[in-house]
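An overview of the molecular structure
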Amino acid sequence: MTQATEVLVPTSPDEAAAAFGDGSGVTVIGGGTIVMPEITYGRLKVGKALLLGKAGLSGVSRNGGTVTIGAATPIADLVDLPPPLGPCAANVADGEIRAQATLGGNVCAGPGPDAPRGDLQGPLLALDATARSTGPGGERSEPLESFLDDRAGRLLLDVSFGEPAAGAFAALDYPHTHEYTVLAVSGARGADGAVRLAATGLADHARTLSGDPDAAASEVRLGDDALASGWYRQQVLPVLVRRVLADLEEAR
Ligand SMILES: Cc1cc2nc3c(=O)[nH]c(=O)nc-3n(C[C@H](O)[C@H](O)[C@H](O)COP(=O)(O)OP(=O)(O)OC[C@H]3O[C@@H](n4cnc5c(N)ncnc54)[C@H](O)[C@@H]3O)c2cc1C
């Protein structure tokens, strides 16, 4: 017998956190551009669906030099932000997907079966973003890097970062990708002058890079998928790192 899905539509962040609880048996739906096809094709069975669209978790706000972006913010609302986040957001899929897809869904998407996902993880790592989430043990804030390593069973509430002094984004342009990003590098120079780089399009989630173009390919795991081979990505990654470093230098 088919189990009916319980649909939860919280109208505030607190309600969303309460509805999520410890996350067991709950499927979070941001924009649904990944989840809905999974349900449609019968690959995902949902007991409780938590819809974030009305939970008051969307929007971009600034306080002093800190930018905070709610997890349910559509990617389309990020495209005009400065680099590296704005150009990376503009490079995600197409206009229809960007209007529907959310920052939270992008950051929390696991690797896709045929193509990398989670493009926004790259610029957010380069920006040294903090992730605020709730779940077992309650609310916590932590560097995005540790959230990405241990995000199962967490509801992402928002991300925040200090406005960078400069940013840059470079992606592999590849005509037959059906709008997925093959490989990309994001860079940011913080207010303290420190430069951070991160790559997406890897075999797992985004990773930070040391900034040495020749070492980049050995610092991450590059996979083969429907878009490109690991070998090809290995050749291109140093080029993208050099491009980002040059753009950051130019922005001085
Ligand atoms: C044609 C096409 C092209 C695409 N191109 C790209 C691309 O170029 N780059 C790219 O990165 N992706 C791409 N995608 C994949 C996808 O659309 C995006 O990653 C999108 O940002 C996912 O966001 P969403 O809100 O729709 O996620 P959803 O489908 O709502 O959720 C995705 C996952 O994240 C979880 N989730 C959602 N919100 C939260 C939250 N706040 N806290 C915890 N977990 C949460 C869900 O439970 C689910 O497991 C593409 C998809 C299509 C169909």
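What comes next concerns the included structure. (Residues numbered from 1 in each chain as written. Predicted model: local features only at pLDDT ≥ 70, side-chain atom pairs only at ≥ 80, totals over all residues.)

1. Details of helix 1 (residues 13-20)
An α-helical turn contains 3.6 residues, so any two residues separated by three or four positions project in the same direction. Put simply, the test is: Exposed residues have 12 or fewer other C-beta atoms within 10 Å of their own C-beta, buried residues have 20 or more, and residues in between are partly exposed; the C-beta atoms are placed from the backbone. Only DSSP runs of H or I reaching four residues or more are called helices, and only runs of E reaching two or more are called strands; each is numbered from the N terminus. When we speak of the arc, we mean the arc of directions from the helix axis to the C-beta atoms. C-beta atoms are placed from the backbone for every residue, and two residues are taken to be in contact when these atoms lie within 7 Å.
Listed in full, the buried residues belonging to helix 1 are Pro13, Ala16 and Phe20. Buried residues in helix 1, looked at end-on, bunch into an arc of 60°, giving them a common side. Opposite its buried face, helix 1 presents the exposed residues Asp14 and Ala18, each directed more than 90 degrees away. Tucked into the core, helix 1 has its buried residues touching strand 2 (26-29), strand 3 (48-51), strand 6 (130-134) and strand 8 (155-162). Just past helix 1, the residue glycine 21 takes up positive phi, approximately 60°.

2. Here's the deal with helix 9 (residues 230-250)
Put simply, the test is: Expected span, for any helix, means 1.5 Å times one less than how many residues it has. Fitting axes to the seven residues ending at a residue and to the seven starting there, one defines the bend at that residue as the angle between these axes.
Given a rise of 1.5 Å per residue, 21 residues ought to cover 30 Å, and the 30 Å separating the end C-alpha atoms of helix 9 matches this to within 8%. The largest bend along helix 9 reaches roughly 30° and is located at valine 236, with the proline proline 238 sitting one to four residues downstream. Turning to helix 9, its buried residues are Arg233, Val236, Leu237, Leu240, Val241, Val244 and Leu248. Tucked into the core, helix 9 has its buried residues touching strand 9 (166-171), strand 10 (184-189), strand 11 (195-200), strand 12 (207-209) and helix 8 (216-219).

3. Notes on the sheet that holds strand 9
Here is the rule we go by: Any two strands with at least two DSSP bridges between them are considered paired. Only the contacting stretch of a helix is used when fitting its axis, a line to C-alpha atoms as for every element, and angles between N-to-C directions run 0 to 180 degrees.
Across the sheet, which stays open at both edges, the 4 strands sit in the order 9-10-11-12 with antiparallel pairing between neighbours. Strands at the two margins of the open sheet, each flanked by one partner only, are strand 9 and strand 12. Shown here is a sheet whose adjacent strand axes are inclined to one another by a mean of 25°, direction ignored. Sheet analysis places strand 9 next to strand 10, joined by 6 bridges and oriented antiparallel. Looking across to strand 10, one finds that alanine 166 is bridged to arginine 189. Contacts from helix 9 reach strand 9, strand 10, strand 11 and strand 12, with the element oriented near 25° to strand 10.

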